[in-house]
Amino acid sequence: WSMDSPTAVSTCLREGRVVHIHDLADTDLYRSGDPIRVHVVDAEGMRTLLAVPLLRGKTTESCISIYRREVRPFTADEITLVETFAAQAVIAIENVRQFRELQTRLQREKASAEILEIISQSRDDEKPVFDVILRKSADLCGASMANLELISEDRSHAVMAAHWGDTLRHHVVGATAWSMESELAQALYIHEGRVVHVRDLADTDLYRSGDPNRVADVDGEGIRTFLGVPLFSGGKTIGCIALYRREVNPFGADQIALIE
């Protein structure tokens, strides 16, 4: 249901209060022919409704809604009981959230420790470091693939220096390069030294104009969502870590912070 809807559940969620309707058929919404109200009454046979919000502080997390197929209002004791269940559900949701946050934090700490260990063992070879950073970045952020792209010495183009994940059809490590003068995301996050996050590569002017690189990424590689985070050294960008998803699924703020 839309949060702007006049339905009971939307009202409960929006206003954070108990909504108790004795007879859904005896309401202005039903009489006006509201499709949702008419469906629950005529198709589902619902008549009496109780919606109780799940509140965390002053924020409505969700709601419990219960129905009767006959006109029989809920008693005060029954409403109090459902409110108790709602409070217990909030505790359960918060416990799960905290557990997941702890799991995520432990996974990230483990990944950081593994990266540092590889760095200490690979003083004369950067490839193992690149591989583990890209692998951990993709794993922890749910990306199909990850690239490390480095700026050439003359800063005219960026070269794909390492890759992890799905096999690429149109890009080759050490050979694929992007001009720093292009409007591609690879040029933007390196040239401008900022994070570039594209929700849907197919919904961009570059794709619509037929840019061969963008079309190859979308139609050839099946890439849709893109994230590029620049690498800095001595105050200058030297490259970036790029993550890709094959579905339209933007990265979260905490995932972007992790890659940074």
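Here the residue numbers are simple positions, counted from 1 along each chain's written sequence. Only residues with pLDDT of 70 or above have their local features reported here, since the model is predicted, and side-chain atom pairs are shown and tallied only from 80 upward, although totals for entire chains, interfaces and linings are computed over all residues. To obtain the side-chain values, all non-hydrogen atoms of the structure were used and water was disregarded.

For the rest of this paragraph, the subject is the environment of Ala89. Secondary structure elements follow DSSP: runs of H or I no shorter than four residues count as helices, runs of E no shorter than two count as strands, and numbering proceeds from the N terminus. Secondary-structure assignment places Ala89 in helix α4 (residues 76-121). Spatially, the C-alpha atom of Ala89 lies 19 Å from that of Ser10, the residues being 79 residues apart in sequence.

This part takes up the pattern of salt bridges. We define a salt bridge as a contact between a side-chain nitrogen of Lys or Arg and a carboxyl oxygen of Asp or Glu at a distance within 4 Å. Applying the stated criterion to the full structure yields twelve salt bridges. Across the pair Asp205 and Arg208 runs a salt bridge whose closest N-O atoms are separated by 3.1 Å. Here Arg208 and Asp205 lie together in helix α7 (residues 205-208), a separation of three residues that amounts to about one turn. Arg208 shares its class with Asp205; the two are exposed. The network of salt bridges with common partners includes Asp26, Asp28 and Arg31. Three exposure classes are used, based on accessible area relative to the maximum for each residue type with a 1.4 Å probe and protein chains only: buried under 20%, partly exposed in between, and exposed over 50%.

Let us look at the sheet that holds strand β9 (residues 236-245). Taken together, six strands build an open sheet; the order of strands is β6-β5-β4-β9-β8-β7 and the sheet is antiparallel. Across the chains shown, the open sheet's two edge strands, defined by having one partner strand only, are β6 (177-179) and β7 (196-198). Taken over all neighbouring pairs, the strand axes of this sheet differ in orientation by 20° on average, direction set aside. By the convention used here, strands pair only if DSSP detects at least 2 bridges between them. By the bridge criterion, nine bridges tie strand β8 (residues 225-233) to β9 in an arrangement that is antiparallel. Its bridge partner being in β9, Phe232 is matched across the sheet by Thr237. Structural elements are reduced to axes, namely lines fitted to C-alpha atoms, with helices fitted over the stretch in contact, and the angle between N-to-C directions of any two is expressed from 0 to 180 degrees.

Defined simply, a disulfide is a covalent bond joining two cysteines at their sulfur atoms. Pairs of cysteine sulfur atoms within 2.5 Å are what we label disulfides. In the structure shown here, the tally under the stated rule is zero disulfides. Of the cysteine sulfurs around Cys63, a residue in no disulfide, the closest is that of Cys12, at 4.4 Å. Classification of Cys63 by relative accessible area gives buried; the value is 17%. Cys240 supplies the cysteine sulfur nearest to Cys141, a cysteine that is in no disulfide, at a spacing of 14 Å.

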